[in-house]
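# Descriptive structure summary
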Amino acid sequence: MTVPNLTLTMLGASGSGKTAYLHGMYNRLSMGVQGYYLYATDPDLDLDLAEDWARLRRTGTMPKATSDRPIAYEFVFRRGMRDLMTIDCVDFRGNAALDRRGAAADVAQLEERLSVSDAIILALDSEHVAEWISQGAPGNLDRDDDPMEISRFSRAISRVFSRRMQDGDPVPGVTVLLTKADLLAARTGMKAHEALQVAGQNFGKLVPVLAGDGAEGVTVALCPVQLGNFGAAAQATVDASRIAPKNLHLPVIFSLRHYLSEGIVRNRQEMSRLSASLDASRGELEALSQGFFGGLFKGAQKTSARQEIDRLVASSSATSTDLQKAQDRCRELDQEMRGIPIYRDGRLLTD
C-alpha cells in the first residue's frame with residue numbers, strides 16, 4: 001500500500017493557540033504516543049521545534065504566534081517502524097482567513113492552500129467556547145461579536161467543500177480543535193467531560209456549516225486538547241510545572257483515519273469497475289472461442305482478450321489488498337479515537 005501524502009492546513013483566530021498546539025503535538029508524537037511517532041523530515045526544523053519546547057519546559061515561554069509569513073512543516077507519521085503517511089502542514093496567522101483579498105500575500109496563499117487540502121484543523125479557544133456553554137449554548141452567534149470568527153472560517157471551509165463536491169472530488173476531513181481545554185472546566189464550573197458533552201450535543205449551533213441538515217458529506221471530529229493546566233487564556237509565559245498535555249496526537253490520527261476512509265470508498269468503486277470490466281472481457285473471450293472458425297482465425301484477438309483478463313485480475317488483486325490494509329488500519333485508528341465526538345453528514349456518530 002502506497003504511503004499517502006496528506007495536505008493539512010491549520011486555521012484559527014489570533015490567540016486561538018493553534019501554533020502552541022502544533023509545537024506540543026510535535027513534541028508528544030516525536031517521543032511516541034501508543035506506538036505512534038511523528039518526525040520532521042528537515043533535521044533543522046526538528047531542532048527548532050525541540051528548542052521551542054525545551055524553552056517552554058524551562059522558562060514557561062510559549063511559542064511565538066505565526067507571522068504574516070506562513071510556516072510550512074513536512075512530517076512523517078509512523079506506527080512503530082512503519083510509515084503511515086507524510087504530512088505537508090502549513091500554519092497561517094489568525095487573520096489570514098479574515099483579511100480582505102490583497103491585504104497581504106498570505107490571504108491569497110491560504111485560499112489556494114485550502115483548495116487542495118486533504119485535512120483542515122480549525123482551532124477554537126476554549127475560553128470562548130466555555131463562555132458560549134455558560135450562556136446556554138445558543139445558536140446564531142453574533143458575527144460582529146464572536147472572537148472565534150466562526151462565520152468567517154465557515155465561509156472559507158464551505159467554499160472548499162462546495163467546489164470539491166461539484167467536481168466529484170473527496171472533501172477534507174475537519175478537526176475542530178478546542179485548544180486550552182483546561183478552561184472548559186475552569187470557566188463553566190462543570191467537569192471537563194460534561195462541558196465537552198454539552199458542546200458536542202450543540203455542535204450544530206456552534207459551527208452550523210459542519211453539522212446539521214446542510215452538512216452532507218462532511219466528517220468532523222470535535223477534539224479538546226491542552227498543553228497544560230494554565231488557567232488564564234492568553235499568556236506569553238506560563239507555569240512550566242503545570243504542563244500536562246492531553247489528546248495532542250488525536251487530530252493527526254483523525255486526519256489519517258478520514259483520508260483512509262475516503263480511499264476505501266474509492267477502492268470499492270474501483271473494485272466494482274474492475275469487476276464489470278472483467279466480466280466484459282471474459283464474455284468477449286467466450287464469444288471469440290465459439291464456433292469452428294473462432295478457434296482457427298481469431299487467435300490474436302483471443303490472446304489480446306486473455307492478456308486483458310490477466311491485467312484486470314492483477315489490478316483487482318492489488319486493489320483488494322490495498323482495501324484490506326486500509327480497513328485494518330482504520331480499525332486500529334478507531335481504538336485511539338474512542339470518546340472523541342465525530343460527526344458524519346451532520347449527525348453525531350460517537351459519544
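This report concerns the structure included in the present document. Nothing here was measured: the structure is a model prediction, and the numbers come from that model. All residue numbers refer to positions counted from 1 along the written sequence of the respective chain. Only residues with pLDDT of at least 70 get local features here, since the model is predicted, and only at 80 or more are side-chain atom pairs given and counted; chain-wide, interface and lining totals rely on the full set of residues. Side-chain numbers come from the whole structure's heavy atoms, not from hydrogens or water.

## Here's the deal with helix α5 (residues 150-167)
Side chains that are three or four residues apart share a direction in an α-helix, a result of its 3.6 residues per turn. Quick note on the threshold: In this text, helices come from DSSP runs of H or I with a minimum length of four residues, and strands from runs of E with a minimum of two, each type numbered from the N-terminal end. In this scheme, a helix's expected span is set at 1.5 Å multiplied by one less than its residue total. Working definition: with a 1.4 Å probe on protein chains only, accessible area under 20% of the residue-type maximum means buried, over 50% means exposed, and in between means partly exposed. In this context, the arc is that of the directions from the helix axis out to the C-beta atoms. Two residues form a contact once any of their heavy atoms are found within 4.5 Å.
Between its terminal C-alpha atoms α5 stretches 26 Å, which fits the 26 Å expected from 18 residues at 1.5 Å a residue. All buried positions along α5 are accounted for by Ile150, Phe153, Ser154, Ala156, Ile157, Val160, Phe161 and Arg164. Down the axis of α5, the buried side of the element spans an arc of 165 degrees, and every buried residue falls inside it. For α5, the exposed residues set more than 90 degrees away from the buried face come down to Arg155, Gln166 and Asp167. Buried residues belonging to α5 abut β1 (5-12), α3 (105-115), β5 (119-125), β6 (173-179) and α8 (203-206). Once α5 finishes, Gly168 follows within two positions and takes phi at roughly 75 degrees, a positive value.

## Re the environment of Tyr259
Tracing the backbone shows Tyr259 in helix α9 (residues 250-289). The class for Tyr259 is partly exposed, based on a relative accessible area of 22%. Note: C-alpha distance between Tyr259 and Leu6 (253 residues apart in sequence) is 7.8 Å.

## With respect to the packing of aromatic side chains
Threshold: Note on ring pairs: Phe, Tyr and Trp rings are taken, using the six-membered ring of Trp, and paired if centres are within 6.5 Å. Classes follow the plane angle, with under 30 degrees stacked, over 60 edge-to-face and the rest tilted. Only Lys NZ and Arg CZ are tested; either one counts as a charge over a ring when it is within 6 Å of the ring centre and within 35 degrees of the ring normal.
Counted under the stated rule, the structure contains five aromatic pairs. Taking 6.2 Å as the distance between ring centres and 5 degrees as the angle between the ring planes, the aromatic pair formed by Tyr37 and Tyr39 counts as stacked. According to the relative accessible area criterion, Tyr39 is partly exposed, its value standing at 30%. Ring centres 4.7 Å apart and planes at 25 degrees place the aromatic pair Phe203 and Tyr343 in the stacked group. Here Phe203 is found in helix α8, whereas its partner Tyr343 is found in strand β10 (residues 342-344), with 140 residues between them in sequence. Grouping residues by exposure puts Phe203 and Tyr343 together as buried. In this structure an aromatic cluster arises from ring pairing among Tyr26, Tyr73 and Phe75. Arg79 extends its terminal NZ or CZ atom over the ring of Tyr36, reaching a point 4.6 Å from the ring centre.

## As for the nonpolar core
Filter applied, for reference: Only buried Ala, Val, Leu, Ile, Met, Phe, Trp, Tyr and Cys residues count toward a nonpolar core, and they belong to the same one when joined by side-chain atoms within 4.5 Å.
By size, the foremost hydrophobic cluster in this structure holds 48 residues, and its most contacted members are Phe75, Phe77 and Ile87. If sequence neighbours within four positions are ignored, Phe77 has contacts with Leu29, Tyr36, Tyr37, Leu38, Arg82, Asp83, Leu84, Met85, Ile87, Val252, Ile253 and Leu256.

## A closer look at the packing of helix α1 (residues 18-31) against helix α2 (residues 43-59)
Put simply, the rule is: Simply put, an axis is a line fit to the C-alpha atoms, just over the touching stretch for a helix, and the angle between two N-to-C directions goes from 0 to 180 degrees. If an angle is under 35 degrees, it is roughly parallel; if it is over 145, roughly antiparallel; if it lies from 65 to 115, roughly perpendicular; otherwise it is oblique. Gly counts as polar in this scheme, as do all residues outside two lists: the nonpolar Ala, Val, Leu, Ile, Met, Phe, Trp, Tyr, Cys and Pro, and the charged Asp, Glu, Lys and Arg.
As a packed pair, α1 and α2 sit with axes 10 Å apart at the nearest point and diverge in direction by 105 degrees. The angle between the axes of α1 and α2 places the two elements in the roughly perpendicular class. Residues His23, Gly24, Tyr26 and Asn27 of α1 pack against Asp46, Leu49, Asp52 and Trp53 of α2. Here the contact of α1 with α2 is built from residues that sort into three nonpolar, three polar and two charged.

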